[in-house]
Amino acid sequence: AKNTPQFIYPVTYSDIKNVSVINTNTVEIKWKPSTNQIFDHYSLFKTNVQSGKTDIIKLTVPVYYDKSVFTSNYNYLYKVSETDKCSNSSQVNLEGKTILLNGTTTNYNSLLTWNTYKNWLAGIKSYTVEIEKYGKFNAIKTFTNSDTFFNHKQQLENIHGPYCYRVFAVSGDNKDTSYSNISC
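Residues numbered from 1 in each chain as written. Predicted model: local features only at pLDDT ≥ 70, side-chain atom pairs only at ≥ 80, totals over all residues. Heavy atoms only, no water.

Draft legend 1. How the structure looks around the confidence of the model for the protein chain. Mean pLDDT over the protein chain stands at 89; residues scoring 70 or higher make up 90%. Within the protein chain, strand β8 (residues 101-106) has the poorest average pLDDT of any element, 91, and strand β5 (residues 63-66) the best, 98. (pLDDT = per-residue confidence, 0-100. Helix = DSSP H or I, 4+ residues; strand = E, 2+ residues; numbered from the N terminus.)

Draft legend 2. Representation of the nonpolar core. Core analysis: the largest hydrophobic core is formed by 31 residues, its most contacted members being Leu44, Tyr78 and Trp114. Looking at this core, the elements with two or more residues in it are β1 (16-23), β2 (26-31), β3 (39-48), β4 (54-59), β6 (76-84), β9 (109-114), β10 (124-133) and β13 (165-171). In terms of residue count, β10 provides more of this core than any other element does, four residues in total. The contacts of Trp114, once residues within four sequence positions are left out, are Ile99, Leu100, Leu101, Tyr127, Val129, Phe143, Asp147, Thr148, Phe149, Phe150 and Val167. (Core = buried A, V, L, I, M, F, W, Y, C linked by side-chain atoms within 4.5 Å. Buried < 20%, exposed > 50% of the residue type's maximum accessible area, 1.4 Å probe, protein only. Contact = heavy atoms within 4.5 Å.)

Draft legend 3. Geometry of the sheet that holds β6. Strand order in the open sheet formed by four strands is β4-β3-β6-β7, and the pairing between neighbours is antiparallel. Pairing within the sheet leaves two strands with one partner each, and these edge strands are β4 and β7 (96-97). By the bridge criterion, six bridges tie β3 to β4 in an arrangement that is antiparallel. Its bridge partner lying in β4, Lys46 is registered against Asp55. (Pairing = 2+ DSSP bridges.)

Draft legend 4. Structural view of the sheet that holds strand β11 (residues 136-143). Taken together, four strands build an open sheet; the order of strands is β11-β10-β13-β14 and the sheet is antiparallel. Strands with a single pairing partner mark the edges of an open sheet, and in this sheet they are β11 and β14 (177-179). Looking at each pair of strands side by side, their axes are set apart by 30° on average, direction ignored. In the sheet, β13 pairs with β14 via three bridges, with the strands oriented antiparallel. By the bridge assignment for β14, Ala169 is matched with Ser178. (Axes fitted to C-alpha atoms, helices over the stretch in contact; angles between N-to-C directions.)

Draft legend 5. Quick look at the packing of aromatic side chains. Across all of its chains, the model carries eight aromatic pairs by this definition. Ring geometry for Trp31 against Tyr42: centres 5.4 Å apart, planes inclined by 75°, an arrangement best described as edge-to-face. A residue pair is termed long-range when its members are at least 10 positions apart, and Trp31 in strand β2 and Tyr42 in strand β3 qualify at eleven residues. Under the relative-accessibility criterion, Tyr42 is labelled buried at 2%. Three or more aromatic residues link up through ring pairs in this structure, and these residues are Trp114, Tyr127, Phe143 and Phe150. (Phe/Tyr/Trp six-rings, centres within 6.5 Å; stacked < 30°, edge-to-face > 60°.)

And the structure:
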C-alpha cells in the first residue's frame, strides 16, 4: 500500500569512536554518524564508573562535549544508541571510557597510575606519559598497551613549581588518541 511506512529493522547502531579529556572537567565524545535513512536521534548513556550513576542525553549530532564531569576524580563510561522515526532503538555496541590519571609524590618521585582506555575495536597500541614544561606537554616515556603505572624521578627534570602529567592512549590502528586528565 502507498501509505505503508518503510520498515527497517534492526536499527543501525553507532560505535563510540573516541572519548577524551580535552580540558579540565570537559570530555569530548565522538561516534560514527548514523547511516539510517529514517534516523531521529541518538541517546548517549553516560555512567560515572565510581558511583554507578547513569544519565541519558538526547542528541542529533555525533559529537558531545560533556562539561558535567569531574575528570580528576572520576572515570566516565559512554555508550550510544540510535532511535529512528518509528521509535525503534538500537542496542549499544562499542563503549568508550575516559582515562583517569592519579599521581602521588614522595621523596622527589612521582608515582603515576591510570586505568586502561576502553574500547577501541583495534585495541590499544601504546600509552605515553607527558610532563608539562614551560606551558607545553612533552613526552617522557611510551609504554606497551598493558602498562598502567610509571615511577618518575623528578630530579631528572628542571621544573620550578608543580609537576603536572597527563597520559594519552593511541589506538591499535593509529587512527585515534585519547587523553587523560592532568594530574599535578
